[in-house]
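Take a look at the letters that make up each chain.
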Amino acid sequence: MSVRTLKGKRRWIALGGCLVWLAITFFPLYWVLITSFKTPIAVVGGPTYLPFVDFEPSLTAWRELLSGQRGQFFNTFLASTIIGLSASVLATGIGAMAAYALVRFTFRFRLLSALIFVVIAFGGFLLGRNVLGFGQGISLIYAFIAALALAVLSSRFRLPGPELGNNDIVFWFVSQRMFPPIVAAFALYLMYTEMGKLGFKLVDSYIGLTFAYIAFSLPIVIWLMRDFFEALPVEVEEAAMVDNVPTWRIFFGIVLPMSKPGLIATFMITLAFVWNEFLFALFLTNSRWQTLPILVAGQNSQRGDEWWAISAAALVAIIPMMVMAVLLSRLMRSGLLLGAIK
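Residues numbered from 1 in each chain as written. Predicted model: local features only at pLDDT ≥ 70, side-chain atom pairs only at ≥ 80, totals over all residues. Heavy atoms only, no water.

(A) Focus on the confidence of the model for the protein chain. When pLDDT is averaged along the protein chain, the result is 85; 93% of the residues meet or exceed 70. Across the protein chain, the element-wise mean pLDDT spans from 56 in helix 16 (residues 329-340) up to 93 in helix 4 (residues 73-104). (pLDDT = per-residue confidence, 0-100. Helix = DSSP H or I, 4+ residues; strand = E, 2+ residues; numbered from the N terminus.)

(B) Representation of the packing of aromatic side chains in the model. Inspection of the entire model under this criterion finds 18 aromatic pairs. When the ring of Phe27 is compared with that of Tyr30, the centres are 6.5 Å apart and the planes differ by 40 degrees; the resulting orientation is tilted. Remark: Tyr30 and Phe27 occur in helix 1 (residues 9-35); sequence separation between them is three residues, near one turn of the helix. The class of Phe27 is partly exposed, set by a relative accessible area of 43%. Overall, Tyr30 belongs to the partly exposed group, its relative accessible area being 30%. (Phe/Tyr/Trp six-rings, centres within 6.5 Å; stacked < 30°, edge-to-face > 60°. Buried < 20%, exposed > 50% of the residue type's maximum accessible area, 1.4 Å probe, protein only.)

(C) Quick peek at the side chain of Asp204. Mapped onto the elements of the fold, Asp204 is located in the loop between helix 8 (181-197) and helix 9 (206-230). For the buried residue Asp204, which engages in no salt bridge, the nearest side chain bearing the opposite charge is Lys201, 5.2 Å off. Within the structure, Asp204 has its side chain in polar contact with the backbone nitrogen of Trp289 (distance 3.0 Å). In this structure Asp204 touches Leu284, Thr285, Asn286, Ser287, Arg288 and Trp289, once residues within four positions along its chain are discounted. (Lys, Arg positive; Asp, Glu negative; His and termini not counted. Salt bridge = Lys/Arg side-chain N within 4 Å of Asp/Glu carboxyl O. Polar contact = N/O pair within 3.5 Å; in protein donor to acceptor, adjacent residues only side chain to side chain. Contact = heavy atoms within 4.5 Å.)

(D) Region of the structure containing a nonpolar patch on the surface. Taken together, Leu127, Val131, Leu132, Phe134, Ile141, Tyr142, Phe144, Ile145, Leu148, Val152, Leu198 and Phe200 make up a surface patch of nonpolar side chains, about 1,100 Å² in accessible area. Contributing elements (two or more residues each) for the nonpolar patch: helix 5 (111-131) and helix 6 (136-154). Top element by residues in the nonpolar patch is helix 6. It accounts for six residues. Structurally, Val131 is set in helix 5. Note on Val131: relative accessible area 61%, which makes it exposed. (Patch = residues over 30% accessible without salt bridge, like charges linked within 9 Å, V, L, I, M, F, W, Y side chains within 5 Å. Areas by Shrake-Rupley, 256 points an atom, 1.4 Å probe, with all protein chains shown as cover.)

(E) Geometry of helix 8. Taking 1.5 Å of rise per residue, 17 residues should cover 24 Å, and helix 8 covers 25 Å from first to last C-alpha, within 8% of that figure. Buried within helix 8 we find Ala185, Leu188, Tyr192, Glu194 and Met195. At its buried positions, helix 8 is contacted by helix 6, helix 9 and helix 13 (279-284). Where helix 8 ends, the next residue or the one after it, Gly199, has phi of about 100 degrees, a positive value. (Expected span 1.5 Å × (residues − 1).)

(F) Structural detail: the environment of Gly128. Within the element layout of this structure, Gly128 appears in helix 5. Judged by its relative accessible area of 5%, Gly128 is buried. Taking the C-alpha atoms as reference points, Gly128 and Ser139, eleven residues apart in sequence, are found 5.0 Å from one another. In this structure, Gly128 is in contact with Gly133, Phe134 and Ser139, ignoring residues within four places of it in sequence.

(G) View of the packing of helix 4 against helix 12 (residues 260-276). Where helix 4 meets helix 12, the axes come as close as 9 Å, and the angle between the chain directions of the two elements is 135 degrees. When the axis of helix 4 is compared with that of helix 12, the two are oblique. In this structure, helix 4 meets helix 12 at a crossing whose hand is right-handed. On helix 12, the residues touching Phe77, Ser80, Thr81, Ile83, Gly84, Leu85, Ala87, Ser88, Val89, Ala91, Thr92 and Ala96 of helix 4 are Leu263, Phe267, Thr270, Leu271, Val274 and Trp275. (Axes fitted to C-alpha atoms, helices over the stretch in contact; angles between N-to-C directions. Parallel < 35°, antiparallel > 145°, perpendicular 65-115°, else oblique. Left-handed = near helix turned anticlockwise from the far one by under 90°.)

(H) Focus on the packing of helix 6 against helix 8. Where helix 6 meets helix 8, the axes come as close as 8 Å, and the angle between the chain directions of the two elements is 105 degrees. Judged by the inter-axis angle, helix 6 sits roughly perpendicular to helix 8. In this structure, helix 6 uses Gln136, Gly137, Leu140 and Ile141 to contact helix 8, whose residues at the interface are Met191, Glu194 and Met195. Across the contact of helix 6 with helix 8, the residue classes tally to four nonpolar, two polar and one charged. (Nonpolar A, V, L, I, M, F, W, Y, C, P; charged D, E, K, R; others polar.)

See below:
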């Protein structure tokens, strides 16, 4: 039953319930907004709700934030914008290609090939580190290359053991999000540190944090885009194949334009994850490429949490995402509905 079909008292009750829910939803944003205009005395002196009525607004928190007294605001905002957009665009593009391949093509490989990769990767690293005397970074690179080459080569033979398909690959991608983030962040920090010893600076760098966010976002992108591509009519692609249109032109010229709402919705969800992510930015940056969540978390002093400063910084982190969501709301809604309808 739709709300539009309700009449009489039921319609007014439904409207009242929606207004109550709207107030509950927007009250935290309103509270953060007015807190950012309060003085320290007004914050610690008790709850006040209406500017110019029970407290006098002040621009102290905003002045301190924008002037740099509360951290390098402009550098942090620029770093968040560059990294967030770059990682979201690349993750959406790479994940869309992977999702399309998993929907339109059939993949088969033996579980033994995956086990070979794991054994060679770990064994090669230990061999290079403890026997051959290589450094950790060199051992890691050689072990990964050897493991990948042998796993791909072994997949060409009819190995014993269970055979895995597309659904297993998708499950493997999604399962990467089941690991505790602290484990991945700590492992990335150790790997980036070793790469830095070889001359490849990844800690506190644009490339290092962007690559981490791309890897962090790919599972959710592949999972979402797979549903979007499955909802598209395959007859259009088959008609193009009859005309000998290359596969890459079908994907970029036909599939992507048809799935634009889904791409926009996936991009916004990915950007929200990257924009609000805290742990990777905490481990993998220290000054130059710190993001807004780090700036918000640092708005305190020896006196404790300074909520007027935290509120101002939080609004700076919230507003850009709200603006983008409003601008792309129609495409987002149609994209989410496209992914929901099988």
